[in-house]
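In case you want the letters, here they are:
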Amino acid sequence: MTVLLLSLVVMGLVVAVFTLVRNWRKPQADEPLPRSSARPAGCCGQHAVCEKTLRLTDPSAEAVYYEDEELDAYAGRAADQYSDDEADAFRDVLYTLRPDEVDGWVHSLGLRHIDLPNQVKDEVILLLEERREA
């Protein structure tokens, strides 16, 4: 019984020490965090929306091809002007990508001025959300 009580006290002390060390290393709420000049005001850089905006506004960004050169024929077309057969061309590329490539592919399409067909957008969003949850 004494050993059990003593081990509980020791574990409590260890937890207290780790908590103090962790809180000691955290920046205080009053301290300003250093800002990077590459981020726009109000962007912490930890959200996908900010990252995507930064990449789209980066003048040095280049389109990366994911063996989808045939999609360049759709540049300048509005998302609601695709037939189902044309949307299937986007699906063919989408489902050959690794999950970590989907975001880059969508970004590359944007740089190439290619809108995703409305028929495919929900599938892309689903794949991106699944990757974030993983």
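The model shown is predicted, which means the values in this text are computed figures rather than measured ones. (Residues numbered from 1 in each chain as written. Predicted model: local features only at pLDDT ≥ 70, side-chain atom pairs only at ≥ 80, totals over all residues. Heavy atoms only, no water.)

### What to know about the overall build of the protein chain
Counted only if it meets this: By the criteria applied, helices consist of DSSP H or I runs no shorter than four residues and strands consist of E runs no shorter than two, each listed in order from the N terminus. For every residue, the accessible area (1.4 Å probe, protein chains only) is compared with the maximum for its type, and the residue is labelled buried under 20%, exposed over 50%, or partly exposed between those bounds. Residue contacts are defined here by distance: any two heavy atoms, one from each residue, within 4.5 Å place the two residues in contact. To be clear on the numbers: accessible area is Shrake-Rupley with a 1.4 Å probe, and residue cover counts the displayed protein chains and nothing else.
When helices and strands are tallied, the protein chain shows five helices and zero strands. The order of α-helices and β-strands along the protein chain, N terminus first, is α-α-α-α-α. Looking at the 134 residues of the protein chain, the share that counts as buried comes to 24%. Across the protein chain, the fraction of contacts at a sequence separation of at least 24, relative to all contacts at a separation of at least 6, is 68%. For the protein chain, the exposed area adds up to about 10200 Å²; of that, 58% sits on carbon and sulfur atoms.

### Here we look at the nonpolar core
The condition that has to hold: Here, the term nonpolar core denotes a set of buried Ala, Val, Leu, Ile, Met, Phe, Trp, Tyr and Cys residues that are joined through side-chain atoms within 4.5 Å.
One finds Leu71, Phe90, Trp105 and Val124 to be the most contacted residues of the largest nonpolar core, which totals 18 residues. Examining the composition of this core, we find that five residues originate from one element, helix α3 (residues 84-94), more than from any other. Once you skip the residues sitting within four places of it in the chain, Phe90 turns out to touch Leu71, Tyr74, Tyr82, Trp105, Leu109, Ile114, Asp115, Leu116, Pro117 and Val120.

### Here's the deal with the environment of Ser7
Condition: Side-chain atoms alone can form a polar contact between residues adjacent in sequence; in general such a contact is a pair of N or O atoms within 3.5 Å, and within protein one must be able to donate a hydrogen while the other accepts it.
As for its placement among the helices and strands, Ser7 is situated in helix α1 (residues 2-25). Engagement of the side chain of Ser7 in a polar contact is seen with the backbone oxygen of Leu4, the distance being 2.8 Å.

### Topic: a negative patch on the surface
Selection rule: Each patch is assembled from residues with relative accessible area greater than 30% and no salt bridge, linking like charges that lie within 9 Å and nonpolar side chains (Val, Leu, Ile, Met, Phe, Trp, Tyr) that lie within 5 Å. Criterion for a salt bridge: a side-chain nitrogen of Lys or Arg within 4 Å of a carboxyl oxygen of Asp or Glu. Working convention for charge: Lys and Arg count positive, Asp and Glu count negative, and His plus the chain ends are omitted. Think of each charge as sitting on NZ of Lys, CZ of Arg, CG of Asp or CD of Glu.
Residues Glu67, Glu69, Glu70 and Asp92 make up a contiguous surface patch of negative charge. Note on placement: Glu70 falls in the loop between α2 (48-57) and α3.

### Some points on the side chain of Ser108
Of note, Ser108 is situated in helix α4 (residues 102-111). Discounting residues that sit within four places of it in the chain, Ser108 has contacts with Ala63, Val64, Tyr65 and Tyr66.

### Looking at a nonpolar patch on the surface
There is a patch of nonpolar side chains on the surface, built from Met1, Leu4, Leu8 and Met11 and spanning about 510 Å² of accessible area. Relative to the helices and strands, Leu8 resides in helix α1.

### Describing unusual backbone geometry
Its identity is not glycine, yet Glu67 carries a phi of approximately 55 degrees, on the positive side. Structurally, the position occupied by Glu67 is in the loop between α2 and α3. If you check the backbone angles, His113 has positive phi at about 60 degrees while not being a glycine.

### A look at the confidence of the model for the protein chain
Close inspection of predicted coordinates is inappropriate for parts of the model with low pLDDT. What counts here: Residue-level confidence of the predictor is what pLDDT reports, using numbers from 0 through 100.
Residues at a pLDDT of 70 or more form 69% of the protein chain, whose mean pLDDT is 78. Looking at the elements of the protein chain, mean pLDDT is at its lowest for α2, recorded as 51, and at its highest for α3, recorded as 95. This model gives residues 33-39 a pLDDT under 50, and the stretch forms seven contacts once residues within four places in sequence are excluded.

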